[in-house]
Amino acid sequence: WRIDRAGGDVLYVLMVQVGMSIGSDRKLKEIILGLNPKFLLLPIGTIVGTLVFVAAVSYFMDNISLPDSLAIGAGFGYYSLSSVLITQIKEATIGGDMAAQLGTIALMSNIMREVMTLLFAPLLCRFFGKLAPIASGGATSMDSTLPVITAVSGKELVFISIFHGVLVDFSVPFLVT
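Quick summary incoming for the structure in this document. (Residues numbered from 1 in each chain as written. Predicted model: local features only at pLDDT ≥ 70, side-chain atom pairs only at ≥ 80, totals over all residues. Heavy atoms only, no water.)

Attention shifts here to the packing of helix H3 (residues 41-58) against helix H9 (residues 158-176). Packing of H3 against H9 leaves a shortest axis separation of 9 Å and a crossing angle of 40°. Classified by the angle their axes make, H3 and H9 are oblique. The chirality of how H3 crosses H9 is right-handed. Within the contact between the two elements, H3 uses Leu42, Pro43, Thr46 and Ile47 and H9 uses Ile160, His164, Leu167, Val168, Ser171 and Leu175. Here the residues of the contact of H3 with H9 are counted per class, giving seven nonpolar, three polar and no charged. (Axes fitted to C-alpha atoms, helices over the stretch in contact; angles between N-to-C directions. Helix = DSSP H or I, 4+ residues; strand = E, 2+ residues; numbered from the N terminus. Parallel < 35°, antiparallel > 145°, perpendicular 65-115°, else oblique. Left-handed = near helix turned anticlockwise from the far one by under 90°. Contact = heavy atoms within 4.5 Å. Nonpolar A, V, L, I, M, F, W, Y, C, P; charged D, E, K, R; others polar.)

Quick look at the pattern of salt bridges now. Taken as a whole and judged by the stated rule, the model has two salt bridges. Across the salt bridge formed by Asp68 and Lys90, the nearest N and O atoms sit 3.0 Å from each other. Here the residue Asp68 occupies a position in helix H4 (residues 66-73), and Lys90 occupies one in helix H5 (residues 79-94), the gap between them amounting to 22 residues. Considered together, Asp68 and Lys90 belong to a single accessibility category, that of buried residues. A salt bridge links Lys130 to Glu156; the shortest N-O distance between them is 3.2 Å. With Lys130 in the loop between helix H6 (96-128) and helix H7 (132-137) and Glu156 in the loop between helix H8 (146-153) and H9, this pair connects stretches of sequence that are 26 residues apart. Its relative accessible area of 43% is what places Lys130 among the partly exposed residues. (Salt bridge = Lys/Arg side-chain N within 4 Å of Asp/Glu carboxyl O. Buried < 20%, exposed > 50% of the residue type's maximum accessible area, 1.4 Å probe, protein only.)

Written out as structure tokens, the structure is:
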């Protein structure tokens with residue numbers, strides 16, 4: 001065990017613990033079987049919409065490739081995991097300094113996504129509907145942005161927001177890598 005791998009190892013342990021806590025919920029099977037399939041459209045739309053937007057923006061960026069841009073965008077607000085994964089994965093191919101730069105860009109873009117959701121949730125809700133703050137929050141719609149989303153979108157969307165956050169959160173390690 002090396003100290004430079006400690007951050008990644010701790011994140012993997014935390015991910016396993018989150019998975020175990022979600023999986024140990026006895027009502028999970030009932031909840032999943034009772035879900036309306038249309039609820040899947042929101043996380044799928046968030047994922048596809050984010051990646052399409054990032055791909056379009058990457059066209060205008062000379063110093064970041066399309067795959068790197070997509071990996072950064074695939075963090076969906078989960079900055080603590082995506083930035084570490086990108087840094088660790090890219091270190092072997094582009095070197096430590098460039099990998100750290102990409103990891104920093106991922107960290108900042110994902111923090112900005114969360115902050116923008118927190119600040120602009122009322123405007124998103126007003127102009128784009130009650131689901132817009134949930135989509136904007138990405139993976140954070142189940143935790144840090146949930147109180148703001150609940151306040152502006154309504155308590156009736158709390159479950160949808162949590163469900164959305166869990167699915168988007170679960171996709172991050174697969175899509176970033």
